[in-house]
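# Chains, contacts and geometry: an overview
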Amino acid sequence: MAKKSAKKAVKKAAKKAAPKKAVKKAAPKKAAKKAAPKKAKTKRKASPALMKPFTPSAALAEICGGKAAPRSEFVKKLWAYIKSHKLQDTKNKRMINADAKLKPVFNGANQVSMFDMSKHLSKHLK
């Protein structure tokens, strides 16, 4: 029995010697400001300048159609034409190989960078 009581005494001493967890005191509350009511999120409107309709030239109308549309629609249609006819260069995907319909749009160039494509496209939109 002496062994059991000695073990209990050691456990009690260990508990007392163990550091207690520090209890944080709550900071005093500041006076709450009244929050402004949240505005309902509205869908962002496109700039009217970006939606301005352009009329395509005859060369561009063969590829994209003759209707007036925003510049973004002509870019989409031009990319759809390039992808469907597989006109992107296989080694350098940034280059576009012109076929018979695209040569007049690209001012007679056989190959145009995709970054230069919009420059050539703007010359055919009025």
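See the structure shown above.
None of these values were measured; they are calculated from a predicted model.

Rules used throughout
Residues numbered from 1 in each chain as written. Predicted model: local features only at pLDDT ≥ 70, side-chain atom pairs only at ≥ 80, totals over all residues. Heavy atoms only, no water. Patch = residues over 30% accessible without salt bridge, like charges linked within 9 Å, V, L, I, M, F, W, Y side chains within 5 Å. Areas by Shrake-Rupley, 256 points an atom, 1.4 Å probe, with all protein chains shown as cover. Salt bridge = Lys/Arg side-chain N within 4 Å of Asp/Glu carboxyl O. Lys, Arg positive; Asp, Glu negative; His and termini not counted. Charge placed at Lys NZ, Arg CZ, Asp CG, Glu CD. Helix = DSSP H or I, 4+ residues; strand = E, 2+ residues; numbered from the N terminus. Axes fitted to C-alpha atoms, helices over the stretch in contact; angles between N-to-C directions. Parallel < 35°, antiparallel > 145°, perpendicular 65-115°, else oblique. Left-handed = near helix turned anticlockwise from the far one by under 90°. Contact = heavy atoms within 4.5 Å. Phe/Tyr/Trp six-rings, centres within 6.5 Å; stacked < 30°, edge-to-face > 60°. Lys NZ or Arg CZ within 6 Å of the ring centre and 35° of its normal. Buried < 20%, exposed > 50% of the residue type's maximum accessible area, 1.4 Å probe, protein only. Polar contact = N/O pair within 3.5 Å; in protein donor to acceptor, adjacent residues only side chain to side chain. Arc of directions from axis to C-beta.

## Notes on a positive patch on the surface
Taken together, the side chains of Lys7, Lys8, Lys11 and Lys12 make up a positively charged region of the molecular surface. Relative to the assigned elements, Lys7 resides in helix α1 (residues 2-17).

## Describing the packing of helix α3 (residues 71-84) against helix α5 (residues 114-122)
It is at 11 Å that the axes of α3 and α5 come closest, and there the two elements cross at 125°. Relative to α5, the element α3 is oriented oblique. In this structure, the crossing between α3 and α5 has a hand that is right-handed. Between α3, through Arg71, Phe74, Val75, Leu78, Trp79 and Ile82, and α5, the contact on the second element is made entirely by Met114, Met117, Leu121 and Ser122.

## A look at the packing of aromatic side chains
Evaluated as defined, the whole model comprises zero aromatic pairs. The positively charged end of Arg71 is found above the aromatic ring belonging to Phe54, 5.0 Å away from the centroid.

## Section: unusual backbone geometry
Among all residues save glycine, negative phi is the norm, and among peptide bonds the norm is trans. With phi around 50°, Lys86 is a residue other than glycine that occupies positive phi space. Residue placement: Lys86 occurs in the loop between α3 and β1 (95-97). For Lys86, a relative accessible area of 72% corresponds to the exposed category. Notably, Asn107 is not glycine yet its phi reads approximately 55°, a positive angle. If you trace the backbone, Asn107 turns up in the loop between α4 (102-105) and β2 (111-113). The partly exposed category is assigned to Asn107, whose relative accessible area is 44%.

## Observations concerning the side chain of Gln88
Relative to the helices and strands, Gln88 resides in the loop between α3 and β1. The class for Gln88 is buried, based on a relative accessible area of 18%. Separated by 3.4 Å, the side chains of Gln88 and Lys83 make a polar contact. Polar side-chain contacts of Gln88 include one of 2.7 Å to the backbone oxygen of Lys93. Leave out the neighbours within four places in its chain, and Gln88 touches Trp79, Ile82, Lys83, Lys93, Met95, Asn97 and Met114.

## A few points about α5
Among the residues of α5, those classed as buried are Met117, His120 and Leu121. The buried side chains of α5 occupy one side of the element, clustering within an arc of 100° when seen end-on.

## Points about the environment of Ser84
If you trace the backbone, Ser84 turns up in helix α3. Among the polar contacts listed, one links the side chain of Ser84 to the backbone oxygen of Tyr81, at a separation of 3.0 Å. Looking at Ser84, its side chain comes within polar contact range of the side chain of His85, at 3.1 Å.

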